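Structure assessment
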Amino acid sequence: MKYNVVERFTSINGEGMKAGQLAVFIRFAGCNLRCTYCDTMWANDKDVAYEPMTAEEIYDYIKGTGIVNVTITGGEPLIQAGVDKLLELLSGDESLYVEIETNGSVPLKDFMDLTNPPSFTMDYKLPSSEMENGMEKENFSYLTEKDTLKFVVGTMEDLERADELIREHRLTDTTNVYFSPVYGELPYEAIVDFMKERNLGGVTFQLQLHKFVWNPEERSV
Ligand SMILES: C[S@@+](CC[C@H](N)C(=O)[O-])C[C@H]1O[C@@H](n2cnc3c(N)ncnc32)[C@H](O)[C@@H]1O
Ligand SMILES: Nc1nc2[nH]cc(C(=O)O)c2c(=O)[nH]1
Ligand code: SF4
Ligand SMILES: [Mg+2]
């Protein structure tokens, strides 16, 4: 079994609960969605160059870095054939903290009986992504305090929809809820003002750190 790896690199994690910490990134090719704002659409091009790697080769690369935080991303990692086998291998190494960045369209129930499961950082695609119809709402019930639900917000309509979902599904009671701005869209102050007006105490506002350390277009950072 080989996986189509378009990027493998070390950096600081720019997002989520491990933001600011060193992490190893494995980025897979291909995605089943086409978000309007995607900053990694190049990885979803049908002709994108990739390095075929076995699960063992990926594991050896990760261990060779000496970094314990691992982010498996893409593209969409959970549509990769045999990804459960890779996750099983990685989950066998208790010294690793494995995070999966996933787009909310793939049923998480298929990954619930992994020993030592990874931390799922799951998007819910809001209206401005034009991909909300692809969302698997049942996934909300699989997210726990070890996971993250990320709302990437580009418009005030996105914020209103996120607030509606947070309240309807009581999301901040069960998982870590993040607001992350679509880069260059809404003023950050507008998002914080919205959080204050709606008393969204359980939500974490994040910025993609790597887009402030490097050029926002830079790859492998
Ligand atoms: C490139 S995606 C790959 C993982 C998965 N396909 C997903 O969408 O969650 C990684 C993260 O970057 C976010 N992202 C993509 N483009 C962005 C942008 N222009 N501004 C802010 N976040 C963005 C996605 O929403 C997702 O949370
Ligand atoms: N530094 C850095 N941190 C990240 N966290 C999640 C990323 C992603 O593209 O999934 C990412 C990324 O692309 N770069
Ligand atoms: S799901 Fe993720 S990789 Fe796919 S288009 Fe959207 S942001 Fe890009
Ligand atoms: Mg990224």
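Residues numbered from 1 in each chain as written. Chains lettered and ligands numbered in written order. Predicted model: local features only at pLDDT ≥ 70, side-chain atom pairs only at ≥ 80, totals over all residues. Heavy atoms only, no water.

Observations regarding empty space enclosed by the protein
Where empty space is left in the structure can be found by rolling a water-sized probe over the atoms. For the record, the criterion: Using a 1 Å grid laid over the protein atoms alone, points where a 1.4 Å probe fits but cannot get out form a cavity; open sets with protein on both sides within 12 Å along at least 5 of 7 lines form a pocket; any residue with an atom within 4 Å of a point counts as lining. Grid points are joined across faces, edges and corners, and a volume is the space filled by probe spheres set on the points. For this classification, Asp, Glu, Lys and Arg are treated as charged, while Ala, Val, Leu, Ile, Met, Phe, Trp, Tyr, Cys and Pro are nonpolar and the rest, including Gly, are polar.
The full count for this structure, using the stated rule, is 1 cavity of 30 Å³ or more. Lining of the largest cavity is provided by Pro-181, Tyr-183, Tyr-188, Leu-207, Gln-208 and Phe-212. Across the lining of the largest cavity, the residue classes break down as 5 nonpolar, 1 polar and no charged.

Here's the deal with the site of ligand 2
Heads up, the rule is: By convention in this text, a residue qualifies as near a molecule or strand provided that one of its non-hydrogen atoms is within 4 Å of it. Identification of polar contacts relies on pairs of N or O atoms within 3.5 Å, with a donor-acceptor requirement for protein atoms, meaning one able to donate a hydrogen and the other able to accept it, and with residues adjacent in sequence counted only if both atoms are side-chain atoms. For the accessible areas, the method is Shrake-Rupley and the probe is 1.4 Å, while residue cover comes only from the protein chains on display. In this scheme, a molecule is assigned to a cavity or pocket if more than half of its atoms are within 2 Å of the grid points.
Around ligand 2 lies a shell formed by Ser-11, Ile-12, Asn-13, Gly-14, Glu-15, Phe-25, Arg-27, Thr-73, Glu-101, His-210 and Val-221. Gly-14 is positioned with one of its backbone polar atoms (N or O) 2.9 Å from a nitrogen atom of ligand 2. Between an oxygen atom of ligand 2 and a side-chain N or O atom of Arg-27, the distance comes to 2.9 Å. Contact with the protein chains removes 92% of the 330 Å² of surface that ligand 2 exposes when unbound. Spatially, ligand 2 is embedded in the largest pocket.

Some remarks on the site of ligand 3
As a structural note, the neighbourhood of ligand 3 is formed by Cys-31, Leu-33, Arg-34, Cys-35, Cys-38, Asn-44, Gly-75, Asn-103 and Lys-125. A majority-of-atoms criterion places ligand 3 in the largest pocket. Grouping the amino acids of the shell around ligand 3 by side-chain chemistry returns 4 nonpolar, 3 polar and 2 charged.

Comments concerning the sheet that holds strand E2 (residues 22–28)
For the record, the criterion: At least two DSSP bridges between two strands are needed for those strands to be called paired. Labels follow the DSSP assignment, with helices taken as runs of H or I lasting at least four residues and strands as runs of E lasting at least two, numbered in each case from the N terminus. The axes are straight lines fitted to the C-alpha atoms, using for helices just the contacting stretch, and the angles between their N-to-C directions are given from 0 to 180°.
Strand order in this open sheet of 9 strands is E3-E1-E2-E4-E5-E6-E7-E8-E9, and the pairing throughout is mixed. Strands at the two margins of the open sheet, each flanked by one partner only, are strand E3 (51–53) and strand E9 (203–205). Direction aside, neighbouring strands of the sheet carry axes that sit 30° apart on average. Sheet topology note: the strand E5 (residues 97–102)/strand E6 (residues 119–123) ladder contains 4 bridges and is parallel. Each bridged residue has a counterpart across the sheet, and for Ile-100 the counterpart in E6 is Phe-120.

Observations concerning the UniProt feature "domain: Radical SAM core" (unreviewed entry) in the protein
Convention followed: UniProt positions are given in the numbering used here, feature names are shortened, and annotations may be inferred rather than shown by experiment.
Mapped onto the present numbering, the UniProt feature "domain: Radical SAM core" (unreviewed entry) falls at residues 18–216. As annotated, residues 18–216 comprises 24% helix and 21% strand, and the C-alpha atoms at either end are separated by 19 Å.

Examining the layout of surface pockets
Space inside the largest pocket adds up to approximately 990 Å³. Considering the residues around the largest pocket, the lining is formed by 44 residues, among which Glu-15, Arg-27, Asp-39, Thr-40 and Gln-208 are closest to the centre. The set of elements that each furnish at least two residues to the lining of the largest pocket consists of strand E1 (3–12), E2, strand E4 (69–73), E5, strand E7 (148–153), strand E8 (176–181) and helix H5 (210–213). The leading source of residues in the lining of the largest pocket is E1, at 3 residues.

Some words on the UniProt feature "binding site: Mg(2+)" (unreviewed entry) in the protein
So the rule is basically this: The contact rule is simple, with two residues in contact once any of their heavy atoms fall within 4.5 Å.
Here the UniProt-annotated "binding site: Mg(2+)" (unreviewed entry) positions come out as Thr-40. Structurally, Thr-40 is set in the loop between E2 and E3. Setting aside residues no more than four positions away along its own chain, Thr-40 makes contact with Arg-27 and Gly-74. Only 2.6 Å separates the side chain of Thr-40 from the side chain of Asp-39, close enough to count as a polar contact.

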